[in-house]
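Coordinates in review
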Protein chains: 2
Amino acid sequence: MDIEQHKIPQATAKRLPLYYRFINNLHSQGKQRVSSKELSEAVKVDSATIRRDFSYFGALGKKGYGYNVEYLLSFFRKTLDQDEITKVALIGVGNLGTAFLHYNFMKNNNTKIEYAFDSNADKVGTEIGGVPVKHIDELEDMVKGDITAAILTVPSAAAQGITDRLVQSGVSGILNFTPARITVPEHIRVHHIDLSIELQALVYFLKHYPLEAGEEQEE
Amino acid sequence: MDIEQHKIPQATAKRLPLYYRFINNLHSQGKQRVSSKELSEAVKVDSATIRRDFSYFGALGKKGYGYNVEYLLSFFRKTLDQDEITKVALIGVGNLGTAFLHYNFMKNNNTKIEYAFDSNADKVGTEIGGVPVKHIDELEDMVKGDITAAILTVPSAAAQGITDRLVQSGVSGILNFTPARITVPEHIRVHHIDLSIELQALVYFLKHYPLEAGEEQEE
DNA sequence: GGCAGATTGTGAAAAACTTAACGACTATCT
DNA sequence: AGATAGTCGTTAAGTTTTTCACAATCTGCC
């Protein structure tokens, strides 16, 4: 099973949470079935790509019919490990961190932000989006052995220092929102999301890759 | 020139702002020269990829020496259109929007957030990170003919409605932070950044693609 | 001036990803 | 029942991106 999992392309893996959300939506709307074409319009991914993505998990649909929403949903729930909740910590309760705390609380099922950490005494002891805010000094104690991943929304100057402490405390993944490119041991996974770069990249594309009619969007 | 520009792979284009930032850092630190290997360690991109990326713009470096930081910087400044500022609007001054306003003000040189819009009367009339907050009713008037791109940080229920108004008002690109996948005419470019999906994707990778020693990171 | 060592730029290959196309099958209409 | 329209799963082709590997060539030093 784990070996099979490894055959799934990373590009596909990145789209799974997107699919999952939209299938969830469809289910809430009481929709019974959905075709790759319909789904394609909703998530803005080519229908052939969707069929290909789904096929990595076996035959989820029926020819001439489409996909049963109920079945698809239960399948994704299982695949994305909805049952087993991954515990996450958030470091840095600024605007971005706060946004995430509110956001997360409402939407995610397979991850839970257990604690948030900040150095600001005014914030410590409060609760945001249902998540208790702890002092950064408590980081090691709270994280050790319990937390799998961390969301890094601290000022960039603090990024590497906090990262080292997180790694020490045993997290295996970091979602880094700071502009700093952090250095970690090989077995730690880091995903970078850089708001400033995203905006600059969009602008660059606007100037140099004007969309012609009929041209498709990538992301 | 424009035809030449079109040869640059999109993957490369997305890395340019990243390179630019780090070259800027090096320059501030007074560094004279840098090799692709050094830069690779800083930005976490394979050195061969960096050399290939740079080579699309011609021979920027010198064999046996590396790249001259000063020259590289001036080249990137020109290429990323630092001189010609792209005007941007931000819609939705919640936590995420506020984070962006602070962030942007400090860092970007080729883009400027001219206005922010919100429907909350308490926010309208204030200024955040140097950006004036206008009422959402003024959107069309302020944007029309002047603003090239928009950052969408509104609640997802409002996303499509605001999008339509932005398109009407002539923006050509949208950076969409809402979970909704918005529909736009073909000539409008949309980049989606979905915080919730990023977290779920990271968790999925942690579970199914554990990093072995020596394995490289993507993104 | 010449040589050892470093580093680029790039051809070629590999890897990763997307898309087109179609056979096989379903559902529905007449 | 047969015809029609729709849909999946997949093979094969196409495209994009990354990586390897090395000749060319520059630097720095003696």
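Quick notes on the rules
Residues numbered from 1 in each chain as written. Chains lettered and ligands numbered in written order. Predicted model: local features only at pLDDT ≥ 70, side-chain atom pairs only at ≥ 80, totals over all residues. Heavy atoms only, no water. Salt bridge = Lys/Arg side-chain N within 4 Å of Asp/Glu carboxyl O. Helix = DSSP H or I, 4+ residues; strand = E, 2+ residues; numbered from the N terminus. Buried < 20%, exposed > 50% of the residue type's maximum accessible area, 1.4 Å probe, protein only. Near = heavy atom within 4 Å. Polar contact = N/O pair within 3.5 Å; in protein donor to acceptor, adjacent residues only side chain to side chain. Nonpolar A, V, L, I, M, F, W, Y, C, P; charged D, E, K, R; others polar. 1 Å grid on protein atoms, 1.4 Å probe; cavity = no way out; pocket = protein on both sides within 12 Å on 5 of 7 lines; lining within 4 Å. Points joined across faces, edges and corners; volume = space filled by probe spheres on them. Contact = heavy atoms within 4.5 Å. Buried area = accessible area lost by both parts, 1.4 Å probe. Domains from an automatic or database assignment. Core = buried A, V, L, I, M, F, W, Y, C linked by side-chain atoms within 4.5 Å. pLDDT = per-residue confidence, 0-100. Least-squares fit on C-alpha atoms with pLDDT ≥ 70 in both. Axes fitted to C-alpha atoms, helices over the stretch in contact; angles between N-to-C directions. Parallel < 35°, antiparallel > 145°, perpendicular 65-115°, else oblique. Left-handed = near helix turned anticlockwise from the far one by under 90°.

1. Focus: the pattern of salt bridges
The final tally for this structure, using the stated rule, is 14 salt bridges over all chains. Here Lys-207 of chain A ties to Glu-84 of chain B by a salt bridge, and the two come within 3.7 Å at their closest N and O atoms. In this pair, Lys-207 of chain A sits in helix H9 (residues 195-208) while Glu-84 of chain B sits in the loop between helix H5 (69-79) and strand E3 (86-91), so the two residues belong to two different chains. A salt bridge links Glu-140 of chain B to Arg-165 of chain B, with the shortest nitrogen-to-oxygen separation between them at 2.8 Å. Of the two residues, Glu-140 of chain B is situated in helix H7 (residues 139-143) and Arg-165 of chain B in helix H8 (residues 156-168); the sequence distance between them amounts to 25 residues. Glu-140 of chain B sits in the partly exposed class, given a relative accessible area of 23%.

2. Overview of the protein's contact with DNA strand C
If you check the shell around DNA strand C, you find 25 residues, and the closest are Lys-63 of chain A together with Ser-36, Arg-52, Gly-61 and Tyr-67 of chain B. A breakdown of the atoms of DNA strand C within 4 Å of the protein gives sugar and phosphate a share of 58%. A distance of 2.9 Å is found between a base oxygen of DNA strand C and a side-chain nitrogen or oxygen belonging to Arg-52 of chain A. Listed by contribution, the elements that provide at least two residues to the surface near DNA strand C are helix H2 (10-28) and helix H4 (47-55) of chain A together with helix H4 (47-55) of chain B. Taken together, the residues of the surface near DNA strand C break down into 7 nonpolar, 9 polar and 9 charged.

3. What about empty space enclosed by the protein?
Evaluation of the coordinates by the stated rule reveals 2 cavities of 30 Å³ or more. Among the residues forming the lining of the second largest cavity, the class breakdown is 3 nonpolar, 2 polar and 2 charged.

4. Quick word on the interface of chain A and chain B
Listed by partner, the interface residues are 79 residues for chain A and 78 residues for chain B. Across the interface of chain A and chain B, roughly 7,900 Å² is buried in total on both sides, 58% from carbon and sulfur atoms. Seen at the junction of chain A and chain B, the total is 4 salt bridges. In this structure, the connection of chain A to chain B is made through 16 residue pairs in polar contact (both at pLDDT 80 or more).

5. Observations regarding the protein's contact with DNA strand D
Taken together, 27 residues form the shell around DNA strand D, and within it Ser-36, Arg-52, Gly-61 and Gly-64 of chain A together with Arg-15 of chain B come nearest. Among the atoms of DNA strand D close to the protein, meaning within 4 Å, 64% are from sugar or phosphate groups. Here Gly-64 of chain A contributes a backbone N or O atom positioned 2.8 Å from a base oxygen of DNA strand D. Measuring from a base oxygen of DNA strand D, one finds a side-chain N or O atom of Arg-52 of chain B at 2.7 Å. Looking at side-chain class alone, the surface near DNA strand D contains 7 nonpolar, 9 polar and 11 charged residues.

6. Looking at the domain arrangement of chain A
Partitioning chain A into structural domains gives domain 1 (2-79) and domain 2 (86-197). Here the C-alpha centre of domain 2 of chain A lies 30 Å away from the C-alpha centre of domain 1 of chain A.

7. Digging into the nonpolar core
Phe-100 and Ile-151 of chain A together with Phe-100 and Ile-151 of chain B are the most contacted members of the largest nonpolar core, which has 44 residues in total. Setting aside residues up to four positions removed in sequence, Ile-151 of chain A forms contacts with Val-88, Ala-89, Leu-90, Ile-91, Phe-100, Ile-113, Leu-175 and Phe-177 of chain A together with Leu-199 of chain B.

8. Here we look at the confidence of the model for chain A
Here chain A averages 91 in pLDDT, while 91% of its residues score no lower than 70. Of all the helices and strands in chain A, helix H1 (residues 2-5) of chain A carries the lowest mean pLDDT, 48, while strand E7 (residues 149-152) of chain A carries the highest, 98.

9. Comments concerning the relation of the copies chain A and chain B
Note on the copies: chain A fits chain B at an RMSD of 0.1 Å, the axial shift is 0.0 Å, and the rotation between them is 180°. Taken together, the rotation angle and the small translation identify this as a two-fold axis. A shared interface surface links the copies, since 99% of the contact residues of chain A are contact residues in chain B too.

10. Points about the packing of helix H2 (residues 10-28) of chain B against H5 of chain B
Residues and elements named next belong to chain B. Across the interface, H2 lies against H5 with an axial gap of 9 Å and an inter-helix angle of 140°. With respect to H5, the axis of H2 lies oblique. The two elements H2 and H5 cross, and the hand of that crossing is left-handed. Note on element contacts: H5 touches H2 through Val-69, Glu-70, Leu-72, Leu-73, Phe-76 and Arg-77, opposite Leu-16, Tyr-19, Tyr-20, Ile-23, Asn-24, Leu-26 and His-27. Taken together, the residues that form the contact of H2 with H5 break down as 9 nonpolar, 2 polar and 2 charged.

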